[in-house]
Structures are given as C-alpha cells and as structure tokens.
Amino acid sequence: SILCNSFYSKESIYKAFGKYPKLVYQGIDTKKFYKQIRVKKNKKNFITIGHLTPSKGHDFLIHSLSYVNQSIRPTLTIIYNLENDGYKKELTSLANEKKVNVIFLKSITDDELLNQYNKAYFVLCAARLEPAGLTPIEAMACGTPTIAVAEAGLREKIKHNYNGIL
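In this report, the structure presented in the accompanying data block is examined. (Residues numbered from 1 in each chain as written. Predicted model: local features only at pLDDT ≥ 70, side-chain atom pairs only at ≥ 80, totals over all residues. Heavy atoms only, no water.)

Reading across the sheet, the 6 strands line up as 5-4-3-6-7-8 and stay open at both edges, with parallel pairing between neighbours. Among the strands making up the open sheet, the edge pair consists of strand 5 (102-106) and strand 8 (164-165). Here strand 3 (residues 42-49) pairs with strand 6 (residues 120-125) via 4 bridges, running parallel. Note on strand 6: the bridge partner recorded for Thr48 is Leu124. (Pairing = 2+ DSSP bridges. Helix = DSSP H or I, 4+ residues; strand = E, 2+ residues; numbered from the N terminus.)

Structure (structure tokens):
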C-alpha cells in the first residue's frame, strides 16, 4: 500500500508511479495545540512557520506586507528550525529595504510555539506547492485563521472565508 497526505500528493504519486495511493489526512495533538483563553490576539502580529528556504515563500510575504500602509503594517515573525546558508541575510536585507519589521525565532519550544500561534492575528502560509502542511491545522486548533496561497495541499486544509483565506 502507498499512503499519502493530500489529494495533491495523490495526484503527484499517480503521475510519477502510475499507482493510486490511499489518502490519509494528518492530525495534530490537541493537547499541545489549543486556544489559550487568556492570551489576546495582536492585530500587528503575523507569523509564518517553515525552514528558511526560498520554497517557503518568506520573501513573498515580506513583499506582500510592504503594500500594507506603514501605520498599520504588522510585524512578521518567522519561526523556523533549519536555514539555507545566506537566506536569512537576504530576507533581512529585503525586509529593511521594504520597511517590514521581521523577527526570526529559531528552534523554539512547543510551549513557545503554542504561545506564538495564540498571540498571532493571522498565520501566513506561502510555501510553494506544499503537499499538506500541519501549520494551518495547528493554527486552527489555536483559534488563529490562516492566509495561504491557493495551491497544492493548502487548498484542502483551508475553506476560504470560513477558517482562513486562500
């Protein structure tokens, strides 16, 4: 048997191998990810989660936020574990050029991640052709809507204008 995590993955596997896998959606631990009643959302706090590599679309998010009026422009917190050599420097330079405030948080604990999800006004997902992604599911469990690119597996996790925006 072949298992996959999204219709996008299912199609990709069929295209590559000529076999139809069984679709099994991922889940999350709701004891780790939940809405914290006493934590207030901050309208000027957006987060994105993913390795510091071009495929995660962090540069796209910086460009996008630069179009928001500076008086209401949110801070973008990028949470990551791994980074592509030099990419953090590129993102920092781009953020400075575009006047977007970016905070980098590397290898944070699960408790801090929970807190970040709960404080954020939006979680942003701009990864290119993300097969599935746990980030939107974790965000939903914390009561935080997601804004995501309308492609690949993210389309299956987010219902436009219901639990997020595509």
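Turning to helix 3 (residues 87-98), a few remarks are in order. For helix 3, spanning 12 residues, the distance from its first C-alpha to its last is 16 Å, which sits close to the expected 16 Å at 1.5 Å a residue. Here helix 3 has its buried residues at Tyr87, Leu91, Leu94 and Ala95. When helix 3 is viewed along its axis, its buried side chains cluster within an angular range of 100° and face the same direction. Helix 3 presents Lys89, Asn96 and Glu97 as exposed residues on the side facing more than 90 degrees away from its buried surface. Residues of helix 3 that are buried make contact with helix 2 (58-65), strand 4 (75-80) and strand 5. Following helix 3 by one or two positions, Lys99 adopts a phi angle in the positive range, close to 60°. (Expected span 1.5 Å × (residues − 1). Buried < 20%, exposed > 50% of the residue type's maximum accessible area, 1.4 Å probe, protein only. Arc of directions from axis to C-beta. Contact = heavy atoms within 4.5 Å.)

When glycine is set aside, most residues are seen to have a negative phi, and most peptide bonds are trans. Its identity is not glycine, yet Ser107 carries a phi of approximately 50°, on the positive side. For Ser107, the position within the fold is in the loop between strand 5 and helix 4 (110-119). Within the chain, Ala152 stands out as a residue other than glycine whose phi angle is a positive 50°. Mapped onto the fold, Ala152 is located in the loop between strand 7 (146-148) and helix 6 (154-157). Accessibility expressed as a relative area gives 2% for Ala152, which makes it buried.

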